[in-house]
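Chain by chain, the residues:
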Amino acid sequence: MEAQNKSHSTSHSTLRVSDSMGPVSTVCQNCKKNFTIEPEDFSFYEKMKVPPPTFCFDCRLKRKLAFINERTLFKRKCDKCSKDIISMYSLESPYKVFCVNCYNDREDCTKYGTDFSFSRTFFEQFFELFEKVPKSQFRQRNNNEGCEYSNHSFYSRNIYLSYTVIGSEDIYYSKQVHGNDGGNRICIDCLNIIACERGYELINSSKSYNSRFLVNSSQCVDSTFLFNCTNCTDCFMSSNLRNKSYVFRNQQLSREQYLGQMASLSFDSYLTQEELKKEFLKLCKNTLCIFANIKNSYNCTGDSIENSKNTFYSFGLVDAENSKYIFFDNNILRDSYDLAWTGKNQSCYELTDAGSGNNHLMFSIFINAAYDSKYCISSDNSNNMFGCVGLVNKSYCILNKQYTKEEYESLIPRIIKHMNDLPYINKQGISYRYGEFFPTELSPFAYNESLAYEEFPMKQSDVLDHGYKWRDFIEKTYLVTIESNNLPDRLSDVSDDVLTEVIACPNKGQVETKCSSAYRITPNELRFCRLMKIPLPRFCPNCRYCERKKWRNPYKLWRRKCMKPNCPNEFETSYAPDRPEIVYCEKCYQQEVY
C-alpha cells in the first residue's frame, strides 16, 4: 500500500463545529465542488464527536459503495476446505477466502492482533491487518439451502443469482428484495420489491401478487404494465390508478369487457411482449408524475421513503427518523447520517453494508450488533473496538489486540490525535484524518466490480487517474447451441429440451452491462414462465438487470417548481430538470389522481 506520509498541514481547511452559526459552504476534497453543511448537520457531528465531512454527499456515497461488490462473481476454491465455490473475491485477490461454513467456523482472529505504531499512519496499519484476516466468499447470514449463487442474502431460501435479498424464498435474477411484512416468494427479474409474490419484472413495488411489469406500484393483484398505481386488481397498461379494478389502457370496463380484451392479447408471445413494452414506455413518459415516492411520512426529502419522519436527502427507506444522507435502509433507523445498505441501527455514522443492532458505530463495513466502535470490518456482536477485522464477541480491542478497559480508554484518544497529526495522504493529495471513511483505493474490490461503478460510472482511464483499481474481466467463451432470436416466439411451443440449450445473448459480451455473452434457462425459470404465461427471456440476466435499472431515478435531488400552471409550490425531486416527465407537487398530483 502506497501513501505519502506528510505533516499535519494540508491544502484543505478544517471546519469546527463552533465556527458554524448557519449554513457553511465548503469545497469537497475529492471533486473540488462546493457543498453546504447545514446547522443541524453540525449539531449531529458535535453529538457524535466527529469533525464535519470534507467530502460532498456524492463523493461520500461513492467512497462507501466502492467497498461493496454485489454482482461480480468469480470461481475459486475455499482456502480452508478446498471446495469449489463462487465468491465476490477474484483469484487475484491477496486474501484467504473461505466458504461460508468454514468462515463461520474460523479461529479467533485476535491471533492476528498487533501493537499500534505511532510512527506510521493508521490506515497503513489497518489494511495490513485486513489483508491477513480470512474473508467470507459472500456476505451471507442465516440462509437455508439453495443460496450458493447469491451474494448479500440473509434469512432466505432458494435464491439464485440475486443480490441483497432478505427473508425471502424462490427469488431469481433480482436485486433489493426486502423481507418486510412477510418477505417475497416466487419472483423473477425484479428490482427493489417488498412482500411480493409471483412477480415478474416488478420495479419499486410492494405487496403485489401475480403481476407483471409494475413500476412504482403497490398492492396490485393480477395486473400487468402499471405505473404509479395502488391497490388495483385486474388492471392493464394504465397509470395513476387508485383502488381500481378492470381498467384497460386507462379506461374503466366491466369485468366481462376486461376479460375479453385481455383474452385477445398473446402474453406468451415474445414479439407481443416487446410491442407492449414499447407502448408502456410511451405511456410512462407521457403520464403525470408526483415529485417523489414518499408514503406515510412527515418532513422527509428524497425518494422511495415509507413510514418515516424528519429524514432528508435519503433514498429507499422504511421507518427512519431524524436521519440524513441514507441510501437503502429497510428497517428501523434512528438518529444517523451517511449510511448505505444497512439494517436496524441507531446513532450511527458513515457505515456501509452494515447489519442490524448497531449503536454508536462509525466508519465501518459488514458489522452486526456492535456498540461504540470505529473503523471495523466484519466484526460482530462486539463493543468498544477500534480498527478491528473479523472479531466476534469481543470488547476493548485495537487492531485485533486485546486490551483492558483502562488501557483501551487511555489509548484511543492518543490514536485519534495521531490520525490528525499524521494523516494518510493518497497520490491525489487527499488527506484522511480521523472522521474520514476508508480511502477508496484501499477497497478489496476493483472500482468496476463495485456498486460505486454502477452508481457513478467512470471510464477506465478516469478510474486509474483517481488512484482506484480496475480489473479487466476475462472474456468467457461458451459453446453456444442456439441464438436467442431462434427461440420459439410463443411459450406454448417451448419444450423441456430448451433446458439443454446454451443461448447466445444478443449483446455479445458487452462491457457496459457486464454481459455474460450466453445463458441457460433453468428448470425453475421454465416452471415460472409457464406459471405466469410469459415468453422466455432473450437476454442474459446481467443485460436484463441493466434494462431494469433505467427505470430508476438517480440518487440525487434537484430543486424544481411544480409544473401545474399557476402553482407556486417548489420541492426537491429526483427528476432532473431536463427530464420529459410532467412533475407535480403532492397537492396538485392528488387533485388530479383522486
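Notes on the structure follow. (Residues numbered from 1 in each chain as written. Predicted model: local features only at pLDDT ≥ 70, side-chain atom pairs only at ≥ 80, totals over all residues. Heavy atoms only, no water.)

**A short note on the packing of aromatic side chains**
- In total, this model carries 60 aromatic pairs according to the counting rule given.
- Ring centres of Y349 and F363 lie 5.6 Å apart, and the angle between their planes is 75°; this geometry places the pair in the edge-to-face category. In this pair, Y349 is assigned in strand 29 (residues 349-352) and F363 in strand 30 (residues 358-365), connecting sequence segments 14 residues apart.
- Owing to a relative accessible area of 0%, Y349 belongs among the buried residues under this scheme.
- The positively charged end of R106 is found above the aromatic ring belonging to Y103, 3.8 Å away from the centroid.
- R538 extends its terminal NZ or CZ atom over the ring of Y270, reaching a point 4.3 Å from the ring centre. (Phe/Tyr/Trp six-rings, centres within 6.5 Å; stacked < 30°, edge-to-face > 60°. Helix = DSSP H or I, 4+ residues; strand = E, 2+ residues; numbered from the N terminus. Buried < 20%, exposed > 50% of the residue type's maximum accessible area, 1.4 Å probe, protein only. Lys NZ or Arg CZ within 6 Å of the ring centre and 35° of its normal.)

**Quick look at the pattern of salt bridges**
- On inspection of all chains with the given rule, the structure shows 44 salt bridges.
- A salt bridge links R249 to E279, with the nearest nitrogen and oxygen atoms 2.6 Å apart. With R249 in the loop between strand 19 (245-248) and strand 20 (251-252) and E279 in helix 6 (residues 270-286), this residue pair connects regions lying 30 residues apart in the sequence.
- Assessed through its relative accessible area of 34%, R249 is described here as partly exposed.
- Close ionic contact of E455 with R552 constitutes a salt bridge, the shortest N to O distance being 2.7 Å. Note that E455 is positioned in helix 8 (residues 451-455) and R552 in the loop between helix 11 (541-549) and strand 40 (558-561), a separation of 97 residues in sequence.
- Within this structure, R60, R63, K64, D338, E350 and E436 form a network of salt bridges that share partners. (Salt bridge = Lys/Arg side-chain N within 4 Å of Asp/Glu carboxyl O.)

**Quick word on the nonpolar core**
- F123, F386 and F438 are the most contacted members of the largest nonpolar core, which totals 101 residues.
- Counting 57 residues, the second-largest nonpolar core is a separate cluster that includes F280, I503, C505 and L526. (Core = buried A, V, L, I, M, F, W, Y, C linked by side-chain atoms within 4.5 Å.)

**Thoughts on helix 6**
- Helix length check: helix 6, at 17 residues, gives a terminal C-alpha distance of 25 Å against a target of 24 Å (1.5 Å per residue), a fit within 8%.
- Considered for burial, the residues of helix 6 that qualify are Y270, Q273, L276, F280, L283 and C284. Taken around the axis of helix 6, the buried residues stretch over an arc of 125°, which confines them to a single face. The outward face of helix 6, more than 90 degrees from its buried face, is lined by the exposed residues L271, K278, K282 and N286.
- On its buried face, helix 6 is in contact with strand 15 (197-206), strand 16 (209-215), strand 17 (224-227) and strand 18 (233-239).
- Measuring from the backbone nitrogen of L271 back to the side-chain oxygen at the start of helix 6 gives 3.4 Å, which picks out S269 as the cap. (Expected span 1.5 Å × (residues − 1). Arc of directions from axis to C-beta. Contact = heavy atoms within 4.5 Å. Polar contact = N/O pair within 3.5 Å; in protein donor to acceptor, adjacent residues only side chain to side chain.)

**A look at the pairing of strand 2 (residues 24-27)**
- Here strand 2 shows a clear split, with V24 and T26 buried on one side and none of S25 and V27 buried on the other.
- Between strand 2 and strand 3 (residues 34-37), which follow one another and run antiparallel, lie six residues, and K32 among them has a positive phi close to 70°. (Pairing = 2+ DSSP bridges.)

**Overview of unusual backbone geometry**
- A positive phi angle, close to 55°, is found at D353, a residue other than glycine.
- Its place among the elements puts D353 in the loop between strand 29 and strand 30.
- Its identity as a non-glycine residue notwithstanding, H360 has a phi of 55°, on the positive side.
- Following the sequence through the fold, H360 ends up in strand 30.
- For H360, a relative accessible area of 22% corresponds to the partly exposed category.

**Focus on the environment of N393**
- Along the polypeptide, N393 turns up in the loop between strand 32 (383-386) and strand 33 (395-398).
- The class for N393 is exposed, based on a relative accessible area of 58%.
- Considering only alpha carbons, one finds N393 and K324, 69 residues apart in sequence, at a separation of 30 Å.

**Describing the environment of L411**
- Take L411: it is sitting in helix 7 (residues 405-421).
- For the pair formed by L411 and D41, sequence separation is 370 residues and the distance between their alpha carbons is 28 Å.
- Every residue in contact with L411, bar those within four places of it in the chain, is listed here: F118, I398 and Y403.

**What to know about the state of the cysteines**
- Applying the stated rule across the entire model yields zero disulfides.
- Counting only cysteine sulfurs, C99 is the nearest neighbor of C102, a cysteine outside any disulfide, at a range of 3.5 Å.
- Judged by relative accessible area, which is 12%, C102 ranks as buried. (Disulfide = S-S within 2.5 Å.)

**Digging into the sheet that holds strand 38 (residues 503-504)**
- Reading across from one edge, 37-38-39 is the order of the three strands in this open sheet, with mixed pairing throughout. The outermost strands of the open sheet, each flanked by one partner alone, are strand 37 (482-483) and strand 39 (518-519).
- Two strands pair when backbone bridges link them, and strand 38 and strand 39 are joined in this way by two bridges, in the antiparallel orientation. The partner of A504 across the bridge, within strand 39, is A518.

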